[in-house]
Each structure stands twice: as structure tokens, then as C-alpha cells.
Amino acid sequence: MDDPVRPDARRTIRALRADGIRRIVVVTGDRSEVAATVGAVIGVDEVLAERSPADKLDAVRSERRRAPTAMVGDGINDAPALALADVGVAMGARGASAASEAADAVLTVDRLDRLGEVAALARRTRRIAAQSVLAGMAMSLVAMGAAAAGLLPAVWGALLQEAIDVAVILNALRALRPVGRTVRLPAGAAELTKRFHDEHEAIRADIDEVRAAAEALGSAEPAAAMEQVRRVHRLLVSEVSPHEDAEERELYPALDQLLGGTDATATMSRAHAEIAHQIRRLGQLLDDIGAGPPDDVDLADLRALLYGLHAILRLHTAQEDESYLSLGDDTAGAPAVAVPS
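All values derive from a computational prediction rather than experimental measurement.

Undergrad: Help me understand the overall build of the protein, please; the structure alone is not making it clear to me.
TA: Secondary structure assignment for the protein yields eleven helices and six strands. Taken across its 341 residues, the protein has 36% of its residues classed as buried. Considering only intrachain contacts with a sequence separation of at least 6, the fraction spanning at least 24 residues in the protein is 60%. Accessible area for the protein stands at about 19200 Å²; split by element, carbon and sulfur atoms hold 57% of it.

Following this line, the structure appears as C-alpha cells:
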């Protein structure tokens, strides 16, 4: 069983830090070794593992003594901590209803990166609200002073007050505009990202097969191990290579057009070239070995190639998931946040 890290998690952490969040803590009931790995991957300041719901409350209390604290969660066990935090945010798309009821705000889409957008939206909305209040009060006071001095007839004063109200409302409507420079893919590119994301899910089994073949070289019968390696090579040639070629032809040009220039995808293209090179080397080595048993040098070369391919394929797939394929939004037009009544 596998519970992978959300592909947008690390980007969300970076965005939160850029927005001024100084300390980020993971509080989880998972085992320490699993939680520590996740924390290292996404880049948080501290990991508190094997914590009960009561321990989560203690963690929130401790963090509140440091600074105003936001808590993000999606499970029933998170509900008390969400209620205790200064700001509780529930992942409502797939989370428990108890968490949504206890939170101050609910992300209605299953996308963690919307958390940064919601925080920016909240600050911007508060700023616009303060501007509207102060500007409305100032203009009203000026109009009242003019009316008290006899410079403004009652009818014109009423009309001016309506104009002030309309101006304040129009200023408040600025809160509906998109926040910052959030990247949203157009429909065509979003469909491409969904397609290649689905293909990633399919080829992950092939990537695991690469590592299994490397391990079999030292533990299985030589003939069976070599057959497993040859089967892996066929999978790489028939499934992985066409996927990488299609990304290079179809996905990357669309992303380059959106992001401007080729710099954003240049490193990923280099990874494609390296993957193709290593697959060719594996095929050449298998051809050199032929039908006979491999010697010790051949075994060492095969293991090195297979472990190298496994590492680069896993890293490259994770990088694409985090950098590009999580930009697609299959919830376009849906509200990102709701405030419980």
C-alpha cells in the first residue's frame, strides 16, 4: 500500500514561506520514519509524529504561544485542533465533514496549492475592506461637513451619499479579481497534463519493475533474472520511451508557450535525453551478453544501469508531477474556498 505525497505539497510550502509564513510543522499520527521522510521531501521546519488527537491540540497550543497559528487538516481527528487554531482550514473535497464543520474555512477543491491562494485572498480582501471603510467614512464626513455648512442641499446630499456607496461597492468588487500571478493552464494544455499524469500512474509499475529486476540479479536464478531484465527492457522501450517522446513533442511545447521561452522545460528535456541514453545502453549491453550467462562485470554493469534508470525515472516523474502536471485544474469554475455558517 502506498500513500504518496501530494504533487503540489512542496510548491505550496514554498508559496507559504514566500507569503511570510515563518514556521511550518507537520503533526501526524503516522510512524516517525514515514513522517520524517515526508517532512524532508516537502521541506517543513519540524515533524511531530505518532500524535493522538489530544497531542495535536497540545501542538496547536504550543504554536499559538509562538505566533498566530493556522491549522490545515482533513480528518475527524483534526477537528478539535482545527477549532482551537486561530485559523482552521479543512480540506473539504475529500475530508471528513466533522473537520469541515470545525474549520473557519473549507477548501472545496482537492488541491493543496489553493491554500496559498486563500491566504493571499484573505489578506487582499481585508486590505480592500479597510480601504473601502476608510474611504467611505472620509467621503461621508466631508459631505456631512459641507451639508452642515449649508453648501450642500439635502437632495444633492442624498444623491452624493448614494454615489459614495456605489464607489465603495465598486472598490470592494476588486476582491473578485484573481490574486497574484497564479498560473492556470488553458483547456487544451490542462487536458494534456491530465493525460500525462494518468500515464505517470500507469508507468509507475514499470519503474518499480526496474528496481525489482536489479535486485533479482543477485538473488534469483541467473536465467530467470536475465529474462526479467529483458522483460523490463521491453517495457522501457514499448511504454516508457513513447511516453517521454510524447511529452517532448506535445506537452513541453505547450508549457513553453504558456510560461514563455524554453528555460522552464530545458532541464526536463535533458532528463528525457538521459533516460533515452540509458535505455539504449541497457539494450546494447543485453545484445552484447546475448543468450549466454552474464559474467561478473556484466552483472555489475546491469545493476548499475537498472538502479540508475530507476532513480532517474522516479526523480523525473516526481519533478514533472510537482512542476507541471499539477498545474492543470479540473475544477475550473468551482469556488476554491467556503466559509462555514
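Undergrad: What should I look at first to understand helix H2 (residues 32–42) in this one?
TA: Residues spaced three or four apart along an α-helix point in a common direction, a consequence of the helix completing one turn every 3.6 residues. Of the residues making up H2, those classed as buried are Ala 35, Gly 39 and Ile 42. Viewed end-on, H2 has its buried residues packed into an arc of 75°, placing them on one side of the element. Those residues of H2 that are buried lie in contact with helix H1 (9–18), strand S1 (25–27) and strand S2 (46–48). Following H2 by one or two positions, Gly 43 adopts a phi angle in the positive range, close to 85°.

Undergrad: I would appreciate a short explanation of the pattern of salt bridges in the present structure.
TA: This structure, assessed with the given rule, holds 17 salt bridges. Among the ionic pairs, Arg 17 bridges to Asp 45, the shortest N-O distance being 3.2 Å. Here Arg 17 is found in helix H1, whereas its partner Asp 45 is found in the loop between H2 and S2, with 28 residues between them in sequence. Here the salt bridges do not stand alone but share partners, grouping Arg 23, Glu 46, Glu 63 and Arg 66 into one network.

Undergrad: Honestly, the pairing of strand S3 (residues 70–73) in this entry has me stumped. Any pointers?
TA: The side chains of a regular strand alternate, residue by residue, between the two faces of the sheet. Of the two faces of S3, only one is covered, namely that formed by Met 71 and Gly 73; the face formed by Ala 70 and Val 72 stays uncovered. Following the backbone out of S3, through helix H4 (residues 79–84) and into the adjacent parallel strand S4 (residues 87–91), one traces a crossover that is right-handed.

Undergrad: Would you mind showing me how to read the packing of helix H6 (residues 114–148) against helix H7 (residues 154–172) here?
TA: What describes two packed helices is the angle between their axes and the distance between those same axes. Contact pair H6 / H7: the axes reach a minimum separation of 9 Å and the direction vectors enclose 165°. The angle between H6 and H7 places the two elements in the roughly antiparallel class. In this structure, H6 meets H7 at a crossing whose hand is right-handed. Residues Ile 128, Gln 131, Ser 132, Gly 136, Met 139, Ser 140 and Ala 143 of H6 form the contact with H7, whose participating residues are Leu 160, Gln 161, Ile 164, Val 168, Asn 171 and Ala 172. Of the residues assigned to the contact of H6 with H7, the class counts are seven nonpolar, six polar and no charged.

Undergrad: Looking at this structure, I do not really get the side chain of Asp 78. What am I missing?
TA: Within the secondary structure, Asp 78 sits in the loop between S3 and H4. At 2.8 Å, the side chain of Asp 78 forms a polar contact with the side chain of Lys 56. Excluding anything up to four places from it in sequence, Asp 78 contacts Lys 56, Met 71 and Gly 73.

Undergrad: Hey, could you run me through a nonpolar patch on the surface in this one?
TA: A contiguous nonpolar patch, built from Val 166, Ile 169, Leu 170, Leu 173 and Leu 176 and spanning about 510 Å² of accessible area, is present on the exposed surface. One can find Ile 169 in helix H7.

Undergrad: Even after reading the chapter, I still don't get the packing of helix H9 (residues 222–259) against helix H10 (residues 263–289), so can you show me in this structure?
TA: Relative to each other, H9 and H10 sit at 160°, their axes nearing to 10 Å. Regarding the angle of H9 to H10, the classification is roughly antiparallel. H10 is crossed by H9, and the crossing has left-handed handedness.

Undergrad: Would you take a moment to explain the nonpolar core for this structure?
TA: Soluble globular proteins: nonpolar side chains tend toward being buried together. Membership of the largest hydrophobic core comes to 24 residues, with the highest contact counts inside it found for Leu 217, Val 229, Leu 236, Leu 282, Leu 302 and Leu 306. Elements supplying a minimum of two residues to this core: helix H8 (187–219), H9, H10 and helix H11 (296–325). The residues contacting Leu 282, other than those within four sequence positions of it, are Val 229, His 233, Leu 236, Leu 302, Leu 305, Leu 306 and Leu 309. Within the second largest apolar cluster, twelve residues are counted, among which are Ala 9, Leu 16, Val 44 and Val 89.

Procedures and definitions
- Residues numbered from 1 in each chain as written.
- Predicted model: local features only at pLDDT ≥ 70, side-chain atom pairs only at ≥ 80, totals over all residues.
- Heavy atoms only, no water.
- Helix = DSSP H or I, 4+ residues; strand = E, 2+ residues; numbered from the N terminus.
- Buried < 20%, exposed > 50% of the residue type's maximum accessible area, 1.4 Å probe, protein only.
- Contact = heavy atoms within 4.5 Å.
- Areas by Shrake-Rupley, 256 points an atom, 1.4 Å probe, with all protein chains shown as cover.
- Arc of directions from axis to C-beta.
- Salt bridge = Lys/Arg side-chain N within 4 Å of Asp/Glu carboxyl O.
- Right-handed = clockwise from strand over helix to strand, strands pointing away.
- Axes fitted to C-alpha atoms, helices over the stretch in contact; angles between N-to-C directions.
- Parallel < 35°, antiparallel > 145°, perpendicular 65-115°, else oblique.
- Left-handed = near helix turned anticlockwise from the far one by under 90°.
- Nonpolar A, V, L, I, M, F, W, Y, C, P; charged D, E, K, R; others polar.
- Polar contact = N/O pair within 3.5 Å; in protein donor to acceptor, adjacent residues only side chain to side chain.
- Patch = residues over 30% accessible without salt bridge, like charges linked within 9 Å, V, L, I, M, F, W, Y side chains within 5 Å.
- Core = buried A, V, L, I, M, F, W, Y, C linked by side-chain atoms within 4.5 Å.

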